[in-house]
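Take a look at the letters that make up each chain.
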6 protein chains.
Amino acid sequence: MTVAVCPGSYDPVTLGHLDVVRRGARLFDEVVLAVATNSTKQPLLPLADRVALAEAAVADIPGVRVAVVPGLLVDFCRDVGADVLLKGLRNGADYDGELPMALMNRHLSGVETVFLPADRSVVHIASSLVKDVARHGGRVDDLVPPGVVEVLMARLHPQPTEEAR
Amino acid sequence: MTVAVCPGSYDPVTLGHLDVVRRGARLFDEVVLAVATNSTKQPLLPLADRVALAEAAVADIPGVRVAVVPGLLVDFCRDVGADVLLKGLRNGADYDGELPMALMNRHLSGVETVFLPADRSVVHIASSLVKDVARHGGRVDDLVPPGVVEVLMARLHPQPTEEAR
Amino acid sequence: MTVAVCPGSYDPVTLGHLDVVRRGARLFDEVVLAVATNSTKQPLLPLADRVALAEAAVADIPGVRVAVVPGLLVDFCRDVGADVLLKGLRNGADYDGELPMALMNRHLSGVETVFLPADRSVVHIASSLVKDVARHGGRVDDLVPPGVVEVLMARLHPQPTEEAR
Amino acid sequence: MTVAVCPGSYDPVTLGHLDVVRRGARLFDEVVLAVATNSTKQPLLPLADRVALAEAAVADIPGVRVAVVPGLLVDFCRDVGADVLLKGLRNGADYDGELPMALMNRHLSGVETVFLPADRSVVHIASSLVKDVARHGGRVDDLVPPGVVEVLMARLHPQPTEEAR
Amino acid sequence: MTVAVCPGSYDPVTLGHLDVVRRGARLFDEVVLAVATNSTKQPLLPLADRVALAEAAVADIPGVRVAVVPGLLVDFCRDVGADVLLKGLRNGADYDGELPMALMNRHLSGVETVFLPADRSVVHIASSLVKDVARHGGRVDDLVPPGVVEVLMARLHPQPTEEAR
Amino acid sequence: MTVAVCPGSYDPVTLGHLDVVRRGARLFDEVVLAVATNSTKQPLLPLADRVALAEAAVADIPGVRVAVVPGLLVDFCRDVGADVLLKGLRNGADYDGELPMALMNRHLSGVETVFLPADRSVVHIASSLVKDVARHGGRVDDLVPPGVVEVLMARLHPQPTEEAR
């Protein structure tokens, strides 16, 4: 049985993430959407929200579950019995950026990383862009799964409303 | 009539920006140098300075004007009647970095993004490098339009002068 | 008035080419689909077929016409009064491959090259792939405009049929 | 059960190919090393040699077998019940070159392509380089599996021996 | 006599840095490992530690010495009589990222930058990854020269221990 | 003493090649412009012409000489006592394309490859583009050293004229 881990900060989960997870679930026996608690970048959403939104998003995908990565990613992989990290990829610069991490993780524990090209329908979606768009008042409801918009907006525009940036 | 928007933080405007704007003005009916009020990266120069320096720099280029982007870039494009975003480009990694934004903007509003290769004479110029050089006491007067050096230096080395780093 | 030239061998014209031409026609006053008579690569289809298929494909797009490039591309641009070459682009490696030609053409005559990202719906389409698929018996009718399949098949599988692949 | 296909011309099979196949065999239930009969590039070795060398090379790897792709790759995948194409990857430009094919194959039949970074110990090995080195008299015995050198040399330097290029 | 400068923040020095410095010392008469006092990114280790660790690491490599870059890199090169900057490189995106700096430095003072591909045995090592791994409790002793681990750990996990990140 | 080899087919030598050779001659004690007798690609100019034009081009550059590579490049490096291969580089895709060769040559004999970014003034020049332009009647006299145009034209347009492509 092959378990694949899809790591990320999921800040928040997007339709791009779901594309990778859903397709991964057809290739591997189990997929773990692994929410990283990255200590250097400050996420917009608290961990609990990121996990809850991800759980709601994958609830209907058989063979997928959500977990939190408490420390080192390769330790997490060992703990959940994962043989492989699965990452979506947009382009060559993405790959060049990911490669040192993939080589490092393989060096540390032998865990493999495989890359899956993003589906053409979601290749424009990245969490950072989604947040930028939402921050400036753009519509993101067709970029994220149901439920995310509300949480994101509550965080970005907390008050009786405007903010006009 | 085709209006092109050249977005950026222009922190500060450089000869690299002017190259793109000037050549764009020959391809499109109007070019709007659009100063972004990016809410996540903290610019070195205040918005008023960035706008004033850009305005001085393009004053002699027919068909070019400066404006501030108050919110979402695609909303700004709609407001100024722009059909296209115009971006200078140095290399393939630049392109890979810009592509998701271009696809996102097209998804949001249909606005196109076209890329113009940087002129060979300015391909080494980027605002971040200009600031790095100036911060450490290097000469940048052949990298930026007239007037920028003074504003930049006043900001980087505010005191009765030297600083010798 | 800005005239844009879309050069290529169009061997054969694909929906990818049409995407660029159609969008270019909204940005520029006139678009010339320019069929190159490249002297080093041997095309599959004769020039007359490539031109006829391209003409049929753009017949319904206002502001677009087809022409043959008899010699140097920059001479052709001058002859048709074009200020700009327009090229579709998929990714960073594409850009790195195109850039020397863009710089060379600008060096030779001052003509600019602007790059337009391929639409997500056609980013998988390239003439060479279309020919590969068709050569091995795959369906390409949703990759090329109407009429191309017949000409392509007649060329690739000329006989009463089989062909020992 | 997930079957993965590793397509290539294997002209000849190298230690780089074996790295991908061997690691793929740990991730998927079965791996098919699929020797393409590419109709446009002329291989150095005849199909029978390429197949025989590949078969010898994978004989000791459980879950791996060799097959010939008679026509379209996606048809072959369907015939062997494969859900996924597996490709080794060196760098971002490789990825950018492979992506259109991956998208095309997914478009044609839904088959996925996943990419596995080449192991650092074989990242310098490519069939074309191996042939170049061998052609000029360099040693390639640590680049290919046992048995390949003899076949390659017999092909490149057929005569009573020298050739000294 | 050709002096080469290897600039970096060395936060901390890694086996990847040593690979470049060691190989550079065979190509040039003298190599200066130049510790930058970068004013925008906040290093993890104080300058004194970064210098001391680098000095210990290169103590046994003939022709290599350590120095601090007090201001502009090109001024430093002039002061130490260096003709060339030497940088290790992993991939194309790395190169695209480094190129503007190389061109800028050449523009400022004429100093050249040459790039040396990272050895395959260290291509997965970068200071930032080393810090990430160490921060989360992973082993990094085979990624850095002797002595670095202790200093790094003392900084990352200062207390009587726990911290559980 | 460090000897650097600049390999290429020099078909024909261009100002881009001379830029690399000239700058390399300031970094290394001797530079050998090494004309490859590549057995797979068919050059336009015969070896004798390629060598003669290169020799004329470097005649005035101290420390540079021309030689022919009779076989394997690493054997040639050993024979001329070269420690390093020197290659000009335009962009990241170039680098990704060159890297496997650099790693292979280092694997075969330990010879290093260092990369020098092309000067901005010649970044548009490549032998293949020069031939394309010349073939179609464009001017290339500012792309190649004196004497090359005549030889190139005699080869491309041998007759009392016609050909007019």
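Things to note about the relation of the copies chain A and chain C
Expressed as a screw transformation, the operator carrying chain A onto chain C has a rotation angle of 180 degrees and an axial translation of 0.0 Å, and the superposed copies differ by an RMSD of 0.0 Å. Taken together, the turn and the small shift mark the pair as related by a two-fold rotation axis. The position closest to the rotation axis in chain A is occupied by the C-alpha of R120(A), lying 2.7 Å away.

Quick word on the relation of the copies chain D and chain A
When chain D is fitted onto chain A, the two copies agree to an RMSD of 0.0 Å after a turn of 180 degrees and an axial shift of 0.0 Å. Both copies contact each other with a shared surface, as 100% of the interface residues of chain D are interface residues in chain A too.

Some remarks on the pattern of salt bridges
Scanning all chains against the criterion turns up 72 salt bridges over all chains. Note that R106(C) is salt-bridged to E112(C), the shortest N-O span being 3.4 Å. With relative accessibility at 22%, the residue R106(C) sits in the partly exposed group. Members of the salt-bridge network, linked through shared partners, are D19(A), R23(A), D119(A), R106(D) and E112(D).

Here we look at the packing of aromatic side chains
Applying the stated criterion across every chain yields a total of 12 aromatic pairs over all chains. With centroids separated by 6.4 Å and ring planes inclined at 5 degrees, the aromatic side chains of Y95(B) and Y95(C) adopt a geometry described as stacked. Of this pair, Y95(B) sits in helix α4 (residues 92–109) while Y95(C) sits in helix α4 (residues 92–109), on two different chains. When sorted by exposure, Y95(B) lands in the same class as Y95(C), which is buried. Taken together through their ring pairs, the aromatic side chains of Y95(A), F115(A), Y95(D) and F115(D) make up a single cluster.

Structural notes on helix α1 (residues 15–27) of chain A
An α-helix turns once every 3.6 residues. As a result, residues three or four positions apart point the same way. All names here are of chain A. Compared with the 18 Å implied by 1.5 Å per residue over 13 residues, the 19 Å span of α1 between its first and last C-alpha is a close match. Within α1 the residues assigned to the buried category are G16, L18, D19, V20, V21, R23, G24, A25 and L27. In this structure T14 caps α1, since a side-chain oxygen of it lies 3.1 Å from the backbone nitrogen of G16.

Section: the packing of helix α4 (residues 92–109) of chain E against helix α4 (residues 92–109) of chain F
Taken N-terminus to C-terminus, the directions of α4(E) and α4(F) make an angle of 140 degrees; their axes are 7 Å apart at the nearest point. In terms of orientation, α4(E) lies oblique with respect to α4(F). When you trace α4(E) past α4(F), the crossing you get is right-handed. Side by side, α4(E) and α4(F) meet where G92(E), Y95(E) and D96(E) of the first sit next to G92(F), Y95(F) and D96(F) of the second. Along the lines of polarity and charge, the residues of the contact of α4(E) with α4(F) split into 2 nonpolar, 2 polar and 2 charged.

Let's talk about the pairing of strand β4 (residues 84–89) of chain D
Residues and elements named next belong to chain D. Burial within β4 is extensive, with 5 of its 6 residues counted as buried. Two strands pair when backbone bridges link them, and strand β1 (residues 3–8) and β4 are joined in this way by 2 bridges, in the parallel orientation. Along β4, the bridge assignment pairs V5 with L85. In terms of strand pairing, β4 meets strand β5 (residues 112–117) through 6 bridges, oriented parallel. The residue of β5 that forms the bridge with G88 is L116. In this view, the connection linking β4 to its parallel neighbour β5 by way of helix α4 (residues 92–109) has right-handed handedness.

Section: the interface of chain D and chain A
At the interface, 26 residues of chain D touch 26 residues of chain A. Interface area lost by chain D to chain A is led by L27(D), Y95(D) and P117(D), which between them contribute 25%. Applying the counting criterion to the chain D and chain A interface returns 4 salt bridges. Among the ionic pairs, R23(A) bridges to E112(D), the shortest N-O distance being 2.7 Å. For the pair chain D and chain A, the interface holds 11 residue pairs in polar contact (both at pLDDT 80 or more). Sorting the residues of the side of chain D that touches chain A by element identifies α1 (15–27), β4, α4 and β5 of chain D as the ones contributing at least two each.

Some words on helix α5 (residues 127–135) of chain C
Summarising burial for α5(C): 7 of the 9 residues are buried, a large majority. Inspection of α5(C) places S127(C), L129(C), V130(C), K131(C), V133(C), A134(C) and R135(C) among the buried residues, and these make up the whole buried set.

Quick look at the interface of chain A and chain C
Accessible area lost upon the coming together of the parts serves often as the stated size of an interface. Contacts between chain A and chain C engage 5 residues on the former and 5 residues on the latter. Both sides together, the interface formed by chain A and chain C hides about 360 Å², and carbon and sulfur atoms give 57% of it. Summed over the shared surface of chain A and chain C, the number is 3 residue pairs in polar contact (both at pLDDT 80 or more). Of the residues that constitute the side of chain A that touches chain C, the class distribution is 2 nonpolar, 2 polar and 1 charged.

Regarding the nonpolar core
Counting residues in each nonpolar core, the largest one holds 109 residues, and the members touching the most others are V5(B), F76(B), V5(F) and F76(F). The contact partners of V5(F), leaving out residues within four places of it in the chain, are V32(F), A34(F), L73(F), F76(F), C77(F), V80(F), A82(F), V84(F), L85(F) and L86(F). Counting 108 residues, the second-largest nonpolar core is a separate cluster that includes V32(A), F76(C), A25(E) and A54(E).

Points about the side chain of D96(B)
The topology assignment puts D96(B) in helix α4. Notably, D96(B) is buried but unbridged: the nearest opposite-charge side chain belongs to R90(A), and the N-O separation is 8.8 Å. Residues within four places of D96(B) in sequence aside, it is in contact with N91(A), G92(A), A93(A), N91(C), G92(C) and D96(D).

Brief notes about the environment of V3(B)
Residues and elements named next belong to chain B. In this fold, V3 is placed in strand β1 (residues 3–8). Taking relative accessible area as the criterion, V3 reaches 4% and is therefore assigned buried. Measuring from C-alpha to C-alpha, the distance between V3 and V64 comes to 9.9 Å, with 61 residues separating the pair along the chain. With sequence-adjacent residues up to four places away left out, V3 is seen in contact with E30, V32, V80, G81, A82, D83 and V84.

Here is what the cut-offs are and how they apply
- Residues numbered from 1 in each chain as written.
- Chains lettered and ligands numbered in written order.
- Predicted model: local features only at pLDDT ≥ 70, side-chain atom pairs only at ≥ 80, totals over all residues.
- Heavy atoms only, no water.
- Least-squares fit on C-alpha atoms with pLDDT ≥ 70 in both.
- Contact = heavy atoms within 4.5 Å.
- Salt bridge = Lys/Arg side-chain N within 4 Å of Asp/Glu carboxyl O.
- Buried < 20%, exposed > 50% of the residue type's maximum accessible area, 1.4 Å probe, protein only.
- Phe/Tyr/Trp six-rings, centres within 6.5 Å; stacked < 30°, edge-to-face > 60°.
- Helix = DSSP H or I, 4+ residues; strand = E, 2+ residues; numbered from the N terminus.
- Expected span 1.5 Å × (residues − 1).
- Polar contact = N/O pair within 3.5 Å; in protein donor to acceptor, adjacent residues only side chain to side chain.
- Axes fitted to C-alpha atoms, helices over the stretch in contact; angles between N-to-C directions.
- Parallel < 35°, antiparallel > 145°, perpendicular 65-115°, else oblique.
- Left-handed = near helix turned anticlockwise from the far one by under 90°.
- Nonpolar A, V, L, I, M, F, W, Y, C, P; charged D, E, K, R; others polar.
- Pairing = 2+ DSSP bridges.
- Right-handed = clockwise from strand over helix to strand, strands pointing away.
- Buried area = accessible area lost by both parts, 1.4 Å probe.
- Core = buried A, V, L, I, M, F, W, Y, C linked by side-chain atoms within 4.5 Å.
- Lys, Arg positive; Asp, Glu negative; His and termini not counted.

Nothing here speaks to function; it is all geometry.
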